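Architecture and fold: a report
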Amino acid sequence: MSPRHLGPYALQLRRVLVLTAAFVAVFITIISGPQLIPPCDSPPEMAQWAVYSPNLGLPLAAGLFALVAAATAVATRARARTWADTGWFALVRLYLVCYLLLVVACAALPSASLSSPIPSEYLRALVSATNPVLALYPLAALCCAAVLEERHTVAYLCAIAPLQILALMEADPGNGLPQNAIGPLYFLLFSMLNAGTLHWAMRIAHDLDRTRLNTREAQRALANERARGRARARSNGLIHDYVLSALVLAFNRSVEEGEVRAAADSALSALTPGPSSSGTVEAEQLLGALAAQVRPREPDWTITCRWPQEAPALPAEAGAALIDAGHEALNNVRLHAGSDASDPGRPAQCRVALVFEGGAVRVTITDTGRGFDPDRPTGLRHGIRDSIVARMEAVGGRASLASCPGGGTRVVLEWSDPRDKQAKRGPVLAALARRAGRGRNRKEPSRTAWDSQVRAAAESRGARMLAVASVAVHAYITAVEIRRGAYYHPAPVVLSLALLAAAGAALVAQWPDRRPPEWVGWGSTAVVGLSNLLALTQIRVGPHWPGWSAWSAGASMFLVLLLLLRQRTAEAVAGCAALIAATAIWVAVQGREPALVFTFSLGHVVAFVFWLLLTSQSGAATTAIEEALEAEGEARLAREEQLTLNAVMAAGLADVSERARGTLEAIRDREMTPGLAMEARLLEAELRDEIRAPFFTGTAVVEAARRSRARGVEVLLLDDRGGEGPLGTGEGADDRLRALIVERAACALDEARAGRVVVRVGPTGRRWAATILSDERLCVVKADGSVE
């Protein structure tokens, strides 16, 4: 395992673990410090400190690197691996090696009779009194969870336990094996519980990382497909607005030749993409683009502009939509307005007004031509809907049309920045949102997934195995302590163990929604207080520390941890308080030193606070990471989408440019002839086919349609699928069906000598895949591959 293979959730959780390990190392060193820090009066005494110092220095250095990595992630909002992650990873692994060597030294060197600068008394001190080497066991578990796989963690922790027993036997052989084995077995259980829960949290983090990666790939695929669709729509719009308009004017004998040449020049300019802009369109650019269409028809056409100097620039997409939609509206005026409705002897007048007011841009194009009925389906209405209305709606604007026969036409294009509306309505909407969301679960999906998986940790096979092991270890400790006479009466102590085992079984049982009912949570809290009263008050009074006879406190913390995993936080806090209360009653009843309440409870409270912070703050951290990744992902996806859009659009325009440039240059530079007009007519029909029927692009139908049109046949190719979706039930069926449709359509076009041929590809899911209608017959290609 390496940091470079970790996702953002797993990486951040490991940083938190390493920081926690640094605090634990400081805490253990403070508790064990008086017997570990030598007076440093001689080199051998300095060497004694060198034996233990890696257990403090290495975790502290690793924590510093983890803090730098976490701070860098927050400051840069980047969740990837940094150089600091490599640093803490290497230091933590080095610490695990040093700790293992220390335990081996404590177990082997005192009995090896080897000359060493470190006296055997110091090594024995490390495993006696406060037993700092044994106290480092949970710290090793934290470090293992941060840098090792699960199986390696189990192997490492299990290897430590027999070495600890050997070291204790060497330091205090009088206690015997049963008594000396209690500490290592208990700390092995506690460390395995810590490591197991942490590895479960790591597994949840890895699952979240995988889910995020899969979601990201799906979003990228969707963004690219959306970009391709937008690119097709934009390139089709440019081809329609510029190239097809110029070709239509070329074979329209009622249009002046100078206007035809100007339209061809505009089309050639549109086919050559300009350099990428800064992302905005200034008022001068918008005015210049519209004025370029108006200028050739002055004085019949006029343009006015009212744009305040303090008005902001427009986003590039909004500006492009206004320019393209305005160009199409002006093309419609040029082609369809005709003469002035009030004076048939003069051409229709056209007025263009560009206005910015109230945070909105409005382009109004009004003509005094013949007008039309907007409710009557015509080719003009189709062009308005697809080239003007749809284009404005795509950028959040709108287009409206007003016309009537003999009354001229009025087109209004409007766009306003949605952020202005949100800014005006923001406080009200925020207040309403808070009020509407009060009392509801408003967690993010990542937080919900995290919480659900954390609750499930208590129902896992590993958790149940640890619960069984916990009961077995505590039963062993109880038996050893009863045998050596540590209690007044053994029956309450055995009852205490039974109650704790029953509560633990209830907390690892399977429950709906992975959350036990309240009676189980509060019942476990009551068990914590009662079991400690039963066990602690039976300990024989003496001047010594209660030692392992007070095992019920440690067992209670296992229940508290299960409550935290089950997200019964109130019950867990109450359980910790019940443990402290039971300890206080025990100290008061037996007349022990009052300070024992603090010293006895401190370690348990510290462990509880650690798990409380981990279970409560990890979910909040998950949500914060998700929000940061979401913002970063949206920015990247937007960039990828724009790059894909630009690439696809450039490729489409380059293909059209290669085929149409020669004809457009001839229209612009040479005199119009019947042959050139026919060439323009055929090219216009071919390009229009690619927009209306992309299914046939690049097939033999294109050449067949060109030959038919050259013979005077009217050809209409339609694709009701919109160029998307499968044709049949599988890939092979799709290929065969496509080949069959192309073959039948090409044959029908080649056979036609006059009249009309209509080829229509049907929508997906219909019984028929395509129809081919000519003056002679109707051919239907069914979805199953048969032909009628």
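Residues numbered from 1 in each chain as written. Predicted model: local features only at pLDDT ≥ 70, side-chain atom pairs only at ≥ 80, totals over all residues. Heavy atoms only, no water.

**Some thoughts on the overall build of the protein chain**
Secondary structure assignment for the protein chain yields 23 helices and eleven strands. Every one of the 788 residues in the protein chain was classed for burial, and the buried ones make up 47%. Across the protein chain, every contact between residues at least 6 apart in sequence was considered, and the portion connecting residues at least 24 apart equals 76%. When the accessible area of the protein chain is evaluated, it comes to approximately 37,800 Å², of which 59% is carbon and sulfur surface. (Helix = DSSP H or I, 4+ residues; strand = E, 2+ residues; numbered from the N terminus. Buried < 20%, exposed > 50% of the residue type's maximum accessible area, 1.4 Å probe, protein only. Contact = heavy atoms within 4.5 Å. Areas by Shrake-Rupley, 256 points an atom, 1.4 Å probe, with all protein chains shown as cover.)

**Side note on the sheet that holds strand 8 (residues 714-719)**
Strand order across the open sheet formed by four strands is 8-9-10-11, with mixed pairing between neighbours. With one partner strand each, in any of the chains shown, strand 8 and strand 11 (778-782) form the two edges of the open sheet. The mean inter-strand angle of the sheet, taken between neighbouring strand axes irrespective of direction, is 10 degrees. Alignment of strand 10 (residues 768-773) against strand 11, held across five bridges, turns out to be antiparallel. Counted as the bridge partner of A770 is V781 from strand 11. (Pairing = 2+ DSSP bridges. Axes fitted to C-alpha atoms, helices over the stretch in contact; angles between N-to-C directions.)

**Observations regarding the sheet that holds strand 5 (residues 360-367)**
Taken in spatial order, the five strands of this open sheet run 2-4-5-7-6, and their pairing is mixed. Both edges of this open sheet fall to strand 2 (301-306) and strand 6 (398-403), since each of them pairs with a single strand only. Shown here is a sheet whose adjacent strand axes are inclined to one another by a mean of 10 degrees, direction ignored. For strand 5 and strand 7 (residues 409-416), the ladder comprises eight bridges, and the chain directions are antiparallel. Residue pairing in the sheet places R362 in a bridge with E414 of strand 7. Each of strand 2, strand 4 (350-357) and strand 5 touches helix 10 (residues 283-294); the most contacted strand, strand 2, lies at about 170 degrees to it.

**Things to note about the packing of aromatic side chains**
Applying the stated criterion to the full structure yields eleven aromatic pairs. Summarising the aromatic geometry, the rings of W88 and F89 are spaced 6.1 Å apart at their centres and angled 65 degrees between planes, so their arrangement reads as edge-to-face. No difference in accessibility class separates W88 from F89, as the two residues are buried. Considering the side-chain rings of W586 and F600, the 5.4 Å spacing of their centres and the 65 degrees angle between planes classify their relative orientation as edge-to-face. Placement of the pair is W586 in helix 19 (residues 569-590) and F600 in helix 20 (residues 595-669), with a sequence separation of 14 residues. Of the two residues, W586 and F600, both sit in the buried class. Among the aromatic residues, ring-to-ring pairing joins Y186, F187 and W548 into one connected group. Stacked on the ring of F695, the Lys or Arg R738 has its end atom at 4.6 Å from the ring centre. (Phe/Tyr/Trp six-rings, centres within 6.5 Å; stacked < 30°, edge-to-face > 60°. Lys NZ or Arg CZ within 6 Å of the ring centre and 35° of its normal.)

**Considerations on the nonpolar core**
Burial of nonpolar side chains together is a common tendency in soluble globular proteins. Judged by nonpolar contacts, the single largest core of 109 residues is most densely connected at W88, L96, Y99 and Y137. At 16 residues, the largest contribution of residues to this core is made by helix 8 (residues 176-250). Beyond its immediate stretch of four places on either side in the chain, L96 contacts A140, C143, C144, V147, L148 and Y156. Counting residues in each nonpolar core, the second largest holds 34 residues, with V281, L330, A337 and A348 among its members. (Core = buried A, V, L, I, M, F, W, Y, C linked by side-chain atoms within 4.5 Å.)

**Details of a nonpolar patch on the surface**
Residues L64, L67, V68 and W83 make up a contiguous nonpolar surface patch of about 430 Å² in total accessible area. For the nonpolar patch, the element with the most residues is helix 3 (residues 54-76), which contributes three residues. Note that L67 resides in helix 3. Taking the relative accessible area as the measure of exposure, L67 reaches 46% and is therefore partly exposed. (Patch = residues over 30% accessible without salt bridge, like charges linked within 9 Å, V, L, I, M, F, W, Y side chains within 5 Å. Salt bridge = Lys/Arg side-chain N within 4 Å of Asp/Glu carboxyl O.)

**What to know about the environment of L58**
Position of L58 among the secondary structure elements: in helix 3. L58 sits in the buried class, given a relative accessible area of 14%. Sequence separation between L58 and C98 is 40 residues; the distance between their C-alpha atoms is 9.3 Å.

**Focus on the pairing of strand 10**
Both strand 9 (residues 756-761) and strand 10 contribute to a ladder of four bridges, which runs antiparallel. In the strand pairing of strand 10, V761 is matched with A770. Hairpin geometry of strand 9 and strand 10 is characterised by an intervening segment of six residues between the two adjacent antiparallel strands and by a positive phi of about 95 degrees at G765. Between strand 10 and the antiparallel strand that follows it, strand 11, lie four residues.

**Looking at the confidence of the model for the protein chain**
Any region with low pLDDT has predicted coordinates that should not be read closely. In the predicted model, the protein chain carries a mean pLDDT of 78, and the fraction of residues at 70 or more is 79%. With pLDDT under 50 throughout, residues 425-442 is counted as low confidence; its partners more than four residues away or in other chains account for two contacts. In the model, residues 725-730 has pLDDT below 50 throughout and makes twelve contacts with residues more than four positions away in sequence or in other chains. (pLDDT = per-residue confidence, 0-100.)

**Side note on the packing of helix 16 (residues 490-508) against helix 17 (residues 518-536)**
For the pair helix 16 and helix 17, interaxial distance at closest approach is 9 Å and the crossing angle is 160 degrees. Comparing the axis directions of helix 16 and helix 17 gives the class roughly antiparallel. Where helix 16 crosses over helix 17, the two elements pack in a sense that is left-handed. Of the residues in helix 17, those in contact with P492, V493, L495, S496, L499, L500, A503, A506 and L507 of helix 16 are V520, S524, V527, L530, S531, L534 and A535. Class assignment of the residues belonging to the contact of helix 16 with helix 17 gives a composition of 13 nonpolar, three polar and no charged. (Parallel < 35°, antiparallel > 145°, perpendicular 65-115°, else oblique. Left-handed = near helix turned anticlockwise from the far one by under 90°. Nonpolar A, V, L, I, M, F, W, Y, C, P; charged D, E, K, R; others polar.)

**Regarding unusual backbone geometry**
At Q567, a position not held by glycine, the phi torsion is positive, near 60 degrees. As for its placement among the helices and strands, Q567 is situated in the loop between helix 18 (551-565) and helix 19.

**A look at the pattern of salt bridges**
Summed over the entire model, instances satisfying the criterion amount to 16 salt bridges. Where D85 meets R15, a salt bridge forms, and the shortest distance between an N and an O atom there is 2.8 Å. Taken together, the residues span a long stretch of sequence, with D85 in helix 4 (residues 83-108) and R15 in helix 1 (residues 8-36) at a distance of 70 residues. The two residues D85 and R15 agree in class, both being buried. The partner of D669 in a salt bridge is R668, with the nearest N and O atoms 2.9 Å apart. Linked through salt bridges whose partners overlap, the residues forming this network are R306, E357 and R362.

**Points about the environment of C779**
Within the secondary structure layout, C779 lies in strand 11. Taking relative accessible area as the criterion, C779 reaches 5% and is therefore assigned buried. In this structure C779 touches R744, A770, T771, I772, V787 and E788, once residues within four positions along its chain are discounted.

**Quick word on the environment of F695**
Structurally, F695 is set in the loop between helix 21 (674-692) and helix 22 (700-710). Once the C-alpha coordinates of F695 and L717 are considered, the two residues, 22 residues apart in sequence, prove to be 9.4 Å apart.

**Thoughts on the packing of helix 3 against helix 4**
Between helix 3 and helix 4, whose axes approach to 8 Å, the crossing angle comes to 165 degrees. In terms of orientation, helix 3 and helix 4 fall into the roughly antiparallel class. Judged by the sense of rotation from one axis to the other, the crossing of helix 3 with helix 4 is left-handed. From helix 3, P54, N55, L58, P59, A61, A62, F65, A66, V68 and A69 reach across to helix 4, where they touch W83, A84, D85, G87, W88, L91, V92, L94, Y95, C98, Y99 and L102. Residues belonging to the contact of helix 3 with helix 4 are distributed by class as follows: 19 nonpolar, two polar and one charged.

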